[in-house]
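Structure at a glance
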Amino acid sequence: MIGIIAAMNVEMEALRAHIENPVSETVSGVTFVRGRIGNHEVVTAVCGIGKVFAALCAQTMILRYAPEKVINTGVAGSLSSLLNIGSIAVSSCVVQHDMDTSPLGDPLGLISGINKVELPADKLLCTDLAACAGELGIHTASGPIASGDQFVASAERKTFITDTFGAIACEMEGAAVGQVCYVNSVPFCILRAISDSADGSSHMDYPTFVKMAAEQSVKLMLRYLSK
Ligand code: ADE
């Protein structure tokens, strides 16, 4: 079974429309819908926005459904000139750009306990997803994806995230899903279509392009699940 998590309905509803024989269950306020899409059993969830909701959802999904891998799909702000609106960022790893115990001498982004800044995404899963994008003619780039509990909308914050973490895209859930998967030894990939450029124009671009970007990621998921 493949676990698929999106933060918002707009990122999930078109995918859920393809589930055969859907079965729903709500746990801790998160509705899980499982069934078949293409050639795979899937369990899907809309987790809500931010790292806490994402972690709650991922952990619940793993405990109740034991997915063999988890994909976090949806939209993101671009941090790279290689990623325009509608392109797709595929994670090489995840980082938390708002994790900061640096006053204690730690590197920025260090996750205490795990003692790492970057948590690696599953290479094979991410390569397979990028290959599907290639087949569809969707441009992708691979690199670190940065998550934090903030909508990035300034050149200053964008520069901080790229300079500190070398991230190619920013969003608000992927690294939390990644951390939960990491501690549970579940392979994961973050797949995000670009809705804005995470700068002074993002508050205007995001509402204009979020639906189109979400459709790109759904298209790619459907292609992957058809294999
Ligand atoms: N998701 C889409 N665009 C984003 C941005 N600019 N910051 C954080 N999350 C996002």
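In the block above lies the structure referred to throughout.
Here's the deal with the packing of aromatic side chains
As enumerated under the stated definition, the model contains 3 aromatic pairs in all. Their ring planes at 40 degrees and their centres at 5.5 Å tell us that Phe 32 and Tyr 65 sit as a pair that is tilted. With Phe 32 in strand 3 (residues 30-37) and Tyr 65 in helix 2 (residues 51-65), this residue pair connects regions lying 33 residues apart in the sequence. A ring pair is formed by Phe 151 and Tyr 206, whose centres lie 5.3 Å apart and whose planes are at 80 degrees; its orientation type is edge-to-face. Of the two residues, Phe 151 is situated in the loop between strand 8 (140-147) and helix 4 (155-165) and Tyr 206 in helix 6 (residues 202-225); the sequence distance between them amounts to 55 residues. The exposure class of Phe 151 is partly exposed, given its relative accessible area of 41%.

Concerning the packing of helix 3 (residues 123-136) against helix 6
Orientation of helix 3 relative to helix 6, taken along the N-to-C sense of each, is 110 degrees, at an axis distance of 9 Å. Put simply, helix 3 runs roughly perpendicular to helix 6. The handedness of the crossing between helix 3 and helix 6 comes out as right-handed. Touching Leu 125, Asp 128, Leu 129, Cys 132, Ala 133, Glu 135 and Leu 136 of helix 3 are Lys 219, Leu 220, Met 221, Arg 223 and Tyr 224, all from helix 6. Among the residues making up the contact of helix 3 with helix 6, the classes are represented as 8 nonpolar, no polar and 4 charged.

A few points about the side chain of Ser 78
With respect to the helices, strands and loops of the structure, Ser 78 is situated in strand 5 (residues 69-78). Residue Ser 78 is classed as buried on the basis of its relative accessible area of 3%. A distance of 2.8 Å separates the side chain of Ser 78 from the backbone oxygen of Leu 83, its partner in a polar contact. Setting aside residues no more than four positions away along its own chain, Ser 78 makes contact with Leu 83, Lys 158, Ile 168, Ile 194, Asp 196, Ser 197 and Ala 198.

Quick word on the pattern of salt bridges
For the structure shown, the criterion picks out 8 salt bridges. Arg 36 is the salt-bridge partner of Glu 41, the closest N and O atoms lying 2.9 Å from each other. Owing to a relative accessible area of 37%, Glu 41 belongs among the partly exposed residues under this scheme. Since its relative accessible area comes to 30%, Arg 36 is described here as partly exposed. Two residues, Lys 211 and Glu 215, come together in a salt bridge whose shortest N-O distance is 3.6 Å. Pair noted here: Lys 211 and Glu 215 are both in helix 6, with a separation of 4 residues, about one helical turn. Taking relative accessible area as the criterion, Glu 215 reaches 45% and is therefore assigned partly exposed. Three or more residues are tied together by salt bridges with common partners; here these are Glu 135, Arg 223 and Lys 227.

Rules and cut-offs
- Every chain's residues receive numbers from 1 upward, in the order its sequence appears when written.
- Restriction of local features to residues with pLDDT of at least 70 applies here, the model being predicted, together with a cutoff of 80 or more for giving and counting side-chain atom pairs; totals for whole chains, interfaces and linings are based on all residues.
- The side-chain values count all of the structure's non-hydrogen atoms but skip hydrogen atoms and water molecules.
- Any pair of Phe, Tyr and Trp rings, taking the six-membered ring for Trp, is counted once the centres come within 6.5 Å. Such a pair is stacked with planes under 30 degrees apart, edge-to-face with planes over 60 apart, and tilted for the rest.
- Strands here are runs of E lasting at least two residues and helices are runs of H or I lasting at least four, both read from the DSSP assignment and numbered beginning at the N terminus.
- Between buried and exposed lies partly exposed: a residue is buried under 20% and exposed over 50% of the maximum accessible area for its type, with that area taken using a 1.4 Å probe on protein chains only.
- Angular values range over 0 to 180 degrees, each being the angle between N-to-C directions of two axes fitted as lines to C-alpha atoms, with helices fitted over their stretch in contact.
- These descriptions rest on fixed angle ranges, namely under 35 degrees for roughly parallel, over 145 for roughly antiparallel, 65 to 115 for roughly perpendicular, and the rest for oblique.
- Each crossing gets its handedness from the near helix: less than a right angle anticlockwise from the far helix is left-handed, clockwise is right-handed.
- In this description, contact between two residues means that some pair of their heavy atoms is separated by no more than 4.5 Å.
- Gly counts as polar in this scheme, as do all residues outside two lists: the nonpolar Ala, Val, Leu, Ile, Met, Phe, Trp, Tyr, Cys and Pro, and the charged Asp, Glu, Lys and Arg.
- Pairs of N or O atoms are called polar contacts if they sit within 3.5 Å, as long as, within protein, a hydrogen donor faces a hydrogen acceptor (for residues adjacent in sequence, only side-chain-to-side-chain pairs).
- Salt bridge, as used here, is a side-chain nitrogen of Lys or Arg placed within 4 Å of a carboxyl oxygen of Asp or Glu.

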